[in-house]
Amino acid sequence: MIERKPLILGDKTYKEITDDICEPVETKPGAGWIALFFSAKMLLLFYLVSIGIIVTTGMGLLGVNHPVGWGTMIVTFVFWIGIGHAGTLISAILFLFRQKWRTSVARSAEAMTVFAVMTAGIFPLIHTGRPWLDFWLIPYPNQRGPLWVNFRSPLLWDVFAVSTYATVSMVFWYVGLVPDFATIRDRAKTKLRRNIYGALSLGWRGTGRNWSHYEMVYLLLAGLSTPLVLSVHTIVSFDFAVSTLPGWHTTIFPPYFVAGAIFSGFGMVVTLLTLVRIGFPKFKDYITIDHMEAMNKIIMATGMMVGYAYASEFFIAWYSGVTYEKFAFVNRAFGPYWWAYWIMVTCNVLIPQIFWFKWARRSIPIMFVVSIFVNIGMWFERFVITVTSLHRDYLPSNWGMYAWSRWDAAILFGSFGMFLTIFLLYLRVFPAISIAEVKPVLYVGKKSKHGGKHHG
Amino acid sequence: MAKKTLSGVVGFWSDDHEIVAAAHKMREAGYKYFDAITPFPVHGMEEAVGIKRSFIPYITFIAAVTGGCVGLLFQYWVAVVSWPLNIGGKPLFSAPAFIPVTFELTILFAALSSVVAMFAVNKLPKINPPIIDPDLTSHKFALWVPETEPGYSPEKVEAFLKQLGAEEVRRVAEF
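Values in this document were obtained by computation on a predicted structure and should not be read as measured data.

### Structural notes on the environment of B:Phe40
- With respect to the helices and strands, the residue B:Phe40 is situated in the loop between strand E2 (35–37) and helix H2 (45–49).
- By the C-beta count within 10 Å, which is 26 here, B:Phe40 ends up buried.
- Taking the C-alpha atoms as reference points, B:Phe40 and B:Ala21, separated by 19 residues in sequence, lie 17 Å from one another.
- Beyond its immediate chain neighbours, meaning those up to four positions away, B:Phe40 contacts A:Ala436, A:Lys439 and A:Pro440.

Encoded structure:
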């Protein structure tokens, strides 16, 4: 028999759980948080200035040109959108599968989703070149014909997919937060705090009838988010797959993109949660090594799915007998961008293999380093897909290289400033573990006072 | 018009299993309008208090169907009626290309309507609602009997709650 391990360590009472989780919200931040926040904020300011210069000067500052018309903007957009997927997987799909360990990581993973999608959303808006005309993306009645958006274009599908995803994940996250805001409201020592959290809690009261409807809606949102999250990266992959470019025009793209998205997202969750565990030592009882190990298993599994996709793409390119397809893949691995391809393979397929060993899966330093490599590898995956396919297509007279500029670098690194600033603020303002969701699993894997084990 | 807040009697427990058992007994004793107040959804409480299955999934379904129809019909109207463009001789109503947006609108309508319905039926947002005890969102559990209960008398309810094992019983002026 496999013993169920406790999800929450230590003999805690409900009150102690409330106290532990509310502590970061109710105390003054320490030096570590302040140092991180100021670094992140400086990076955010740098990002805003870079965007300002790029928007006012023009897209020429970036390396995109003929033939590589999609560059950092699209690569980094797909990167951040992909990161968001792990949050929805944890909060929705694992909820439907009744995976109780998700409760203590769900809140922060969902927060990561919301912030990653916010960060991602900026890129295509700037990529349009004239961001002040971005409202043209929305089909609205107008006096130009009326002229409508092209509903047959994958790029427009993306507008709908990403905006729906952003809206639904934000609502899902907020619905989860409502009872916890009520908890903080009722603990508030000052009037200002009580008013702010009281407004955020919408006046939640927690009666049986409230909870009954609430739980039903939570289940419904999980059920709706599950196909949604799968559709989002599928539609992102359509941006590529629906074109006729060798290297893009493949049917494997939707599942391959979704697996990659979950892989990269879990990489980011592990990066963030290892840091949260260091920053808030009390959270170690909630986000336990067992939780981290479960996520590392998912990283390894999805990493191998991605590896399978790399191999399968190569095989199909050869098996298809299409000269251009074959060339596109040989060029990826051995052409001028060979280094990007092999960084991708090393980071995504080889390095996560260390998680075959239990000690590696349970070692915080190792998982932190691996998760960073996963993040790097997944950025390079999108770089490889986007740039190597574009830079050499059918006619050699149409070949070229991507003229990566320092503005590309500025906007890539700056986006981390935006993401980290919001995430750090979140850790101090919102309860970073779901209080109401963790309490029901308190006795999982423990002998309870009512005799016998809880099976939850 | 019904009063916005009600007076009543409330009994406190600090164990979630005991309060479920108490709620069962309370329902068996014939109480109809009582409710539990808990910091988290307690397993088995819906059955104990006698709460019916939430009707919100019906709203979700209607909203989903509406969203899908709106999405598909709007794209049809744009592509066939308002701005017909002949692209490579393909049919104006090129349905497969319209599926992604139809799907996204289905999900969007369903999700937002479910949440709005939940807020509405739970009467949220509520501005500065009366709170019985701040611990009820942290580690205490309560059974609440409002004055609307048939044959309500505070003394009787207080005695009954104590008999059920409530650790503390309190009269509340408004909730």
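### A word on the interface of chain B and chain A
- Contact with chain B, which involves 51 residues of that partner, is made by 50 residues of chain A.
- When contributions to the side of chain B that touches chain A are tallied by element, the ones reaching two or more residues are E2, H2, helix H3 (56–82) and helix H4 (95–121) of chain B.
- No other element matches the 15 residues that H4(B) contributes to the side of chain B that touches chain A.

### Quick notes on helix H3 (residues 72–96) of chain A
Residue and element names in this part refer to chain A.
- For H3, spanning 25 residues, the distance from its first C-alpha to its last is 36 Å, which sits close to the expected 36 Å at 1.5 Å a residue.
- Within H3, 23 of the 25 residues are buried, which leaves it mostly tucked inside the rest of the structure.
- Residue Arg 98 follows H3 closely and has a positive phi angle near 55°.

### Some thoughts on helix H5 (residues 154–187) of chain A
- Between the first and last C-alpha of H5(A) there are 49 Å, a value that for 34 residues agrees with the 50 Å anticipated at 1.5 Å per step.
- Most pronounced at A:Val178, the bend in H5(A) amounts to some 35°, and the proline A:Pro179 follows within four residues.

### Some words on the packing of H3(A) against helix H13 (residues 364–391) of chain A
Residues and elements named next belong to chain A.
- Relative orientation of the contacting elements H3 and H13 amounts to 140°, with a least axis distance of 9 Å. Here H3 lies oblique to H13, going by the angle between them. The way H3 lies across H13 gives a crossing that is right-handed. Where H3 abuts H13, its residues Ile 74, Val 75, Val 78, Phe 79 and Gly 82 lie against Met 378, Trp 379, Arg 382, Phe 383 and Thr 386.
- Residues of the contact of H3 with H13, tallied by class, amount to seven nonpolar, two polar and one charged.

### Examining the sheet that holds strand E1 (residues 8–13) of chain B
Residues and elements named next belong to chain B.
- The strand order across the open sheet built from four strands is E2-E3-E1-E4, with neighbouring strands paired in antiparallel fashion. This sheet does not close on itself; its edge strands, each paired only once, are E2 and strand E4 (168–172). Within the sheet, the average angular offset between the axes of one strand and its neighbour, ignoring direction, is 25°.
- Bridging between E1 and E4 involves five bridges; their strand directions are antiparallel. From the neighbouring strand, Gly 8 faces E4, where its bridge partner is Val 172.
- Sheet contacts for helix H1 (residues 16–28): E1, E2 and strand E3 (141–146); angle to E3, the most-contacted strand, approximately 25°.

So, how was this worked out
Residues numbered from 1 in each chain as written. Chains lettered and ligands numbered in written order. Predicted model: local features only at pLDDT ≥ 70, side-chain atom pairs only at ≥ 80, totals over all residues. Helix = DSSP H or I, 4+ residues; strand = E, 2+ residues; numbered from the N terminus. Buried ≥ 20, exposed ≤ 12 C-beta atoms within 10 Å, placed from the backbone. Contact = placed C-beta atoms within 7 Å. Expected span 1.5 Å × (residues − 1). Bend = angle between axes of the 7 residues up to and from the residue. Axes fitted to C-alpha atoms, helices over the stretch in contact; angles between N-to-C directions. Parallel < 35°, antiparallel > 145°, perpendicular 65-115°, else oblique. Left-handed = near helix turned anticlockwise from the far one by under 90°. Nonpolar A, V, L, I, M, F, W, Y, C, P; charged D, E, K, R; others polar. Pairing = 2+ DSSP bridges.

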